[in-house]
Amino acid sequence: VVARQAVVSRVAAAVRAGSSIYSSNCQGCHDYGVAGAPKMGDIAAWADRLTKGIETVYANAINGIGAMPAKGTCMDCSDDEIIATIDYMLENSQ
């Protein structure tokens, strides 16, 4: 039973919503544009990044770019969770 609970806990942790990850790990930089981070809601900043393609945006978020470390500050996030967070940011920047 304990082992099964551990598996359920890991699965639950693996499906954190992009909004939750953003609130706990990303907004400190992306709400204020720290070190050139594109702000949430800044359509032009995100459009400029998207000219390189969404896969590049995802890869930069996962691997880090400029002052942003790999996965931002969410070292326990899966790649899929980082992608979900980028999608959340983009959906709120249109």
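Residues numbered from 1 in each chain as written. Predicted model: local features only at pLDDT ≥ 70, side-chain atom pairs only at ≥ 80, totals over all residues. Heavy atoms only, no water.

Undergrad: Can you help me understand the overall build of the protein chain in this one?
TA: Summing up its helical and strand segments, the protein chain has five helices and zero strands in all. When the elements of the protein chain are put in sequence order from the N terminus, they spell out α-α-α-α-α. The buried share of the protein chain, taken over its 94 residues, is 26%. Of the contacts formed within the protein chain by residues at least 6 apart in sequence, a portion of 53% connects residues at least 24 apart. Counting every atom, the protein chain has about 5800 Å² of accessible surface; 58% of that belongs to carbon and sulfur. (Helix = DSSP H or I, 4+ residues; strand = E, 2+ residues; numbered from the N terminus. Buried < 20%, exposed > 50% of the residue type's maximum accessible area, 1.4 Å probe, protein only. Contact = heavy atoms within 4.5 Å. Areas by Shrake-Rupley, 256 points an atom, 1.4 Å probe, with all protein chains shown as cover.)

Undergrad: Is there a simple way to think about the pattern of salt bridges in this case?
TA: Two side chains carrying opposite charge are able to pair once their charged atoms lie near each other. In the structure shown here, the tally under the stated rule is three salt bridges. A salt bridge links Arg16 to Asp76, with the nearest nitrogen and oxygen atoms 3.5 Å apart. Here Arg16 is found in the loop between helix H1 (2-14) and helix H2 (18-30), whereas its partner Asp76 is found in the loop between helix H4 (54-63) and helix H5 (79-91), with 60 residues between them in sequence. Since its relative accessible area comes to 59%, Asp76 is described here as exposed. As a salt-bridge pair, Arg16 and Glu81 come within 3.0 Å of each other at their nearest N and O atoms. (Salt bridge = Lys/Arg side-chain N within 4 Å of Asp/Glu carboxyl O.)

Undergrad: What is the right way to read the state of the cysteines from this model?
TA: What makes a disulfide is a covalent bond joining the sulfur atoms belonging to two cysteines. Per the counting criterion, the structure on display carries one disulfide. The disulfide bridge from Cys74 ends at Cys77, spanning 1.8 Å between sulfur atoms. Judged by the torsion about the S-S bond (75 degrees), the Cys74/Cys77 disulfide is right-handed. Residue Cys74 shares its accessibility class with Cys77, and that shared class is buried. In this model Cys26 remains outside any disulfide bridge; the closest cysteine sulfur is found in Cys74, 7.1 Å from its own. Classification of Cys26 as buried rests on a relative accessible area of 17%. Free of any disulfide, Cys29 has its nearest neighbouring cysteine sulfur in Cys26, separated by 8.6 Å. On the accessibility criterion, Cys29 (36% relative accessible area) is partly exposed. (Disulfide = S-S within 2.5 Å.)

Undergrad: Please explain the confidence of the model for the protein chain as it appears in this structure.
TA: Detailed conclusions should not be drawn from predicted coordinates in areas where pLDDT is low. Scored by pLDDT, the protein chain comes out at a mean of 89, with 85% of its residues at no less than 70. For the protein chain, the element scoring lowest by mean pLDDT is H1, at 55; H4 scores highest, at 98. (pLDDT = per-residue confidence, 0-100.)

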